[in-house]
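Each chain, written out:
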Amino acid sequence: MRDWHPHLILTAGIVLFILCLFVPGCSNNSENFSQYPGFAEYFEAHPPSSELPDQKDKELIYRYRPRFMLAEGNQMPVDFYRDYISSGVLKNGDGEILSRRVTQEILNEYRDEPETVFEHVERTSAGNAVVYGAINRITTPLQRDKDRINQPLTFLSYHMVFRTSGLPFGIPGWQEAILDIIGDVNDWHQLDHYTAVFLVLAGDGVDKEKPIAVMLQQHNNVRTYLFEERILMPLDKRVVIDVAKRSNELYPHNKGRTEHRAVNMPDPASMHFLLSGKKKPLLGGCDVTDSALEVNYELSFLPPDDAFYTFKGFLGEKRLLPGRTGPQGAYYNTLPELKPLDIQLFSGYWREDHAGDLDRLKSTIMDNGDYVGFALLQKKEFIKTMKDLEERYE
């Protein structure tokens with residue numbers, strides 16, 4: 001047995017105590033993120049529909065489907081029900097087995113039970129790459145010049161599914177060495193289905209809607225990029241997205257190895273690091289993308305109230321170490337106060353090393369934890385920048 005130096009034991013204990021998973025919905029092995037205060041009220045006010053997109057909306061989702069690029073050796077995405085849920089057992093809060101042959105119908109039967117746990121048993125098959133498409137429409141007030149108008153916005157969402165989620169590839173070596181002894185940095189928890197692209201269209205009517213931005217899930221953050229500012233819309237309307245090594249997080253495509261600042265939760269100190277690159281918190285590191293191959297996937301559709309999105313229990317086994325327990329449904333991707341799509345759109349709009357964005361961060365989130373206030377300030381910057389881009393490229 002390996003001898004542990006006392007300082008190493010202390011360091012390992014500290015890391016275990018404070019290190020949480022770099023994905024939404026997990027703070028320790030017993031807490032359930034779906035029960036976090038505010039979610040019940042949000043979903044009561046915004047109940048997910050049981051209807052699939054109609055044919056026109058399916059065609060719209062298909063038209064803008066993203067292209068996903070993986071690094072060499074990265075795990076492949078799978079089909080949620082056919083590859084993941086079909087291989088495992090469903091248990092109640094006491095550990096008693098509810099089903100050994102879990103289906104979509106059975107999982108949905110227990111979707112509102114927060115103590116229910118699904119434990120996946122990985123098979124040797126490669127699986128089938130499936131991306132789940134959905135659509136949401138909202139009306140949010142946008143300001144152009146002196147006129148305030150209600151601008152319809154359409155959000156096309158695309159969720160990928162991975163059997164496991166690992167820790168960021170660029171975490172400090174000393175942390176990785178410890179964590180790989182006491183856990184598995186490549187399989188930190190079962191299931192990663194928060195890996196989502198939200199394509200944002202402005203305009204009224206399927207034929208008049210214009211892509212203006214893309215939102216990418218990055219750990220507990222949703223990050224917004226305006227087209228033609230820091231991400232390009234290709235002629236074929238299929239934006240290219242890189243999948244980070246090991247953590248599966250999503251970033252705009254770059255050729256070659258690229259490092260991206262990453263944190264586990266968007267608290268004030270972590271947000272300051274993301275924007276400035278300074279004062280890296282203990283949980284700070286970097287995701288690494290190095291695209292080598294494109295994912296050939298099938299686009300599929302599920303009702304918005306399906307367990308894939310709304311499951312309140314655990315969609316991966318419960319593990320002893322902090323942050324290693326499986327997540328809830330894909331709608332539990334951020335804090336309740338940030339759930340409205342327009343708040344996610346504007347609060348996620350910030351740019352690295354941008355002095356103005358950093359000043360607005362300091363006066364809101366860093367001053368008093370006001371994330372919604374930051375979103376409102378960034379909304380003005382978003383609209384101003386969008387207008388400048390439109391004039392530049394007219």
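What you are looking at is a predicted structure, and each value in this text was computed from that prediction instead of being measured. Along every chain, residues carry numbers that run from 1 in the direction the sequence is written. Local features are withheld for residues below a pLDDT of 70 in this predicted model, meaning they are given only at 70 or higher, and side-chain atom pairs are given and counted only at 80 or more; totals for whole chains, interfaces and linings count all residues. Note that water and hydrogens are dropped before the side-chain values are worked out from all heavy atoms of the structure.

(A) Representation of the overall build of the protein within the structure. A tally of helices and strands in the protein yields twelve helices and 17 strands. Remark: exposure states derive from per-residue accessible area (1.4 Å probe, protein chains only) relative to the maximum for the residue type, with buried under 20%, exposed over 50%, and partly exposed in between. For the protein, the residues scored as buried account for 56% of the 394 residues in total. Only heavy atoms enter the contact rule, under which two residues are in contact if any of them lie within 4.5 Å. Partitioning the contacts of the protein with sequence separation of at least 6, the portion at a separation of at least 24 is 72%. Residue-level accessible areas treat just the shown protein chains as cover; the underlying method is Shrake-Rupley with a 1.4 Å probe. A total of about 17700 Å² of accessible surface is found on the protein, and carbon and sulfur atoms cover 50% of it. Per the convention used, a helix needs a DSSP run of H or I reaching at least four residues, while a strand needs a run of E reaching at least two, with both numbered from the N terminus.

(B) Main features of helix 6 (residues 173-182). For helix 6, every residue scored as buried is listed here: Gln-175, Ile-178 and Leu-179. An end-on view of helix 6 places all buried positions within 95° of arc, on one side of the element. The directions considered for the arc are those from the helix axis to the C-beta atoms.

(C) Structural detail: unusual backbone geometry. In this structure, Glu-228 takes a positive phi of about 75° despite not being glycine. Along the chain, the position of Glu-228 falls in the loop between strand 11 (221-226) and strand 12 (240-243). With a phi angle near 55°, Lys-279 is a residue other than glycine that sits in the positive phi range. With a relative accessible area of 73%, Lys-279 lands in the exposed category.

(D) Region of the structure containing the sheet that holds strand 3 (residues 97-99). If DSSP finds at least two bridges between two strands, the strands pair. Read from one edge to the other, the open sheet built from three strands follows the order 3-2-4, with strand pairing classed as antiparallel. Each edge of the open sheet carries a strand with a single partner, namely strand 3 and strand 4 (117-120). Taking the axes of each pair of neighbouring strands and ignoring which way they run, one obtains an average angle of 40° across the sheet. When strand 2 (residues 88-91) meets strand 4, the two strands line up antiparallel, connected through four bridges. If you follow Leu-90 over to strand 4, its bridge partner there is Phe-118. Comment: axis = line fitted to C-alpha atoms, over the contacting stretch for helices; angle = value between 0 and 180 degrees taken between N-to-C directions.

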